[in-house]
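Results of the structural survey
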Amino acid sequence: MQEPLIQQACDWLRGQQQAMIDCLEALVNIDSNSDDKAGNDAVADLITQWLEQDGITVIRHQRPDSGDILEAQLGGTDQGHALLMGHRDTVFPTGTVAGRGYSQKDNLGYGPGVADMKSGLVMNCFVLRALSRLPTCPLPVRALFTADEEIGSPDGRAFIEAAAQGARAVLNVEPGRVSGNVVTGRKGGAGFVINVTGKAAHSGVSHADGASAIEALARKIIQLHALTDYAAGITTNVGTITGGVSRNTVAPSASAQLDIRFVTTAQRDQLYQAIEAIIAEPDLLGTVATIEQTSEFYPLEEPMSSALFALYQAQAQAIGFAVDGEFTGGCSDAGWTASLGIPTLCGLGPVGAKMHTDEEYCLLDTLVPRTQALAATLLNLHNMSAAFER
Ligand SMILES: [Zn+2]
């Protein structure tokens, strides 16, 4: 029923590769570390300009400390909408662009955030622009451009959850896998800081008077690491430790950073209980441990993506590329919406690799076909299997 609309959107997108590359270059050449509000706001300015030129409504939620949040709307604000998501922030410090801005060699685009995920932002802009050209848009489409995903979306999460309320589907344009696959499952994860206090003492004169925070922490680390269960997809990792004041002082303090990953929210709840018990255990007299959560992502559980993936895969095939679903241990904003019970698919962006490194690249010839597949999926959402219809 939507075939002529899909054809029309795909036809327009077919001629947009160079325009998309130009937009990608412009976005990559703006530093936008999660802490760089000015940079993230400059990226927002450009996106707003591109969308408003085509008559697309853009609401700007001003944020005092982090980058403003943009919400584009097409086809009204009724529920049953599709939500596109993308983050404007990168992991690269301000000043990176001056040293290595956007560059291109054959089919590869390079530069900070070129794959993760400025190419995805370009993609969402061009999907909206393609749909805005149709005589009618069969469903309301919203797109959220947030600015703090790389630090766990402390500011963006509430906007994501609000924009997803009543949505029919959420499509997140994190980079496509190097295999060309999209992401049908993601682990959830969380970060913590553990602080242990003990009692200082001279290690030669009055050793017995001390209580070693380092020893207490070490004992806890062994127990925390024992929670890892590869078969279940659970990992725990203490990635940093600090502590003590000198070689010959019983350590009065020690701290560590803990990262945990899990596949389901049920596992998450069990892990949290186990971790709390380990921290509370008085395993060394005179020491006290506390734990504080510093970040969290919910998992994208695979049943939440399966119907949407089947629909996307059929559209990709019709457009001319093969694609499969992939599970990854990396977290993303997709977990927030999947955990609300909304069908969610991730990794729909252009194909990229070596994310978060100086060698990050984007395969430029995937810009157009993957944008076409996303547009076709949106226009076909009414065909998604009834199991997930709201
Ligand atoms: Zn990302």
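All residue numbers refer to position in the chain's written sequence, counted from 1. For a predicted model such as this one, the threshold for reporting local features is a pLDDT of at least 70, and the threshold for listing and counting side-chain atom pairs is 80 or more; totals across whole chains, interfaces and linings nevertheless cover every residue.

Turning our attention to the nonpolar core. With 85 residues, the main nonpolar core has Val127, Leu128 and Ala375 as its most contacted residues. Secondary structure counts use DSSP, requiring at least four H or I residues in a row for a helix and at least two E residues in a row for a strand, with both numbered from the N terminus. If you tally residues by element for this core, the top one is helix α5 (residues 114-132), at 12 residues. Beyond its immediate stretch of four places on either side in the chain, alanine 375 contacts Ala9, Cys10, Leu13, Val127, Ala130 and Leu131. Here, a nonpolar core denotes buried Ala, Val, Leu, Ile, Met, Phe, Trp, Tyr and Cys residues that are linked to one another through C-beta atoms within 7 Å. Residue burial here comes from a neighbour count, namely the number of other C-beta atoms, placed from the backbone, that lie within 10 Å of the residue's own C-beta, with 20 or more meaning buried, 12 or fewer meaning exposed, and in between meaning partly exposed. By the convention adopted here, residues make contact when the C-beta atoms placed from their backbones lie within 7 Å.

On to the sheet that holds strand β3 (residues 82-87), then. When DSSP finds two or more bridges between two strands, those strands count as paired. Spatial ordering of the open sheet is given by β1-β2-β6-β3-β7-β16, a layout of six strands whose pairing is mixed. Only two strands of the sheet have a single partner each, and these edge strands are β1 (57-61) and β16 (344-345). On top of the sheet, α5 reaches β2 (69-74), β3 and β6 (141-146); it is set at about 150 degrees to β3, its chief contact. All axes here are fitted lines through C-alpha atoms, helices being fitted over the stretch that makes contact, and every angle between N-to-C directions spans 0 to 180 degrees.

As judged from the 10 bridges shared by strand β9 (residues 188-197) and strand β13 (residues 253-262), these two strands associate in the antiparallel manner. By the bridge assignment, threonine 197 is partnered in β13 with serine 253. With nine bridges joining them, β9 and strand β14 (residues 288-297) adopt antiparallel strand pairing. The partner of asparagine 195 across the bridge, within β14, is threonine 290.

With that settled, consider the sheet that holds strand β17 (residues 352-353). Pairing is antiparallel in the open sheet, where four strands are placed in the order β4-β5-β18-β17. The two strands at the open ends of the sheet, each matched to only one other strand, are β4 (103-105) and β17. Both β4 and strand β5 (residues 108-110) contribute to a ladder of three bridges, which runs antiparallel. Note on β5: the bridge partner recorded for serine 103 is tyrosine 110.

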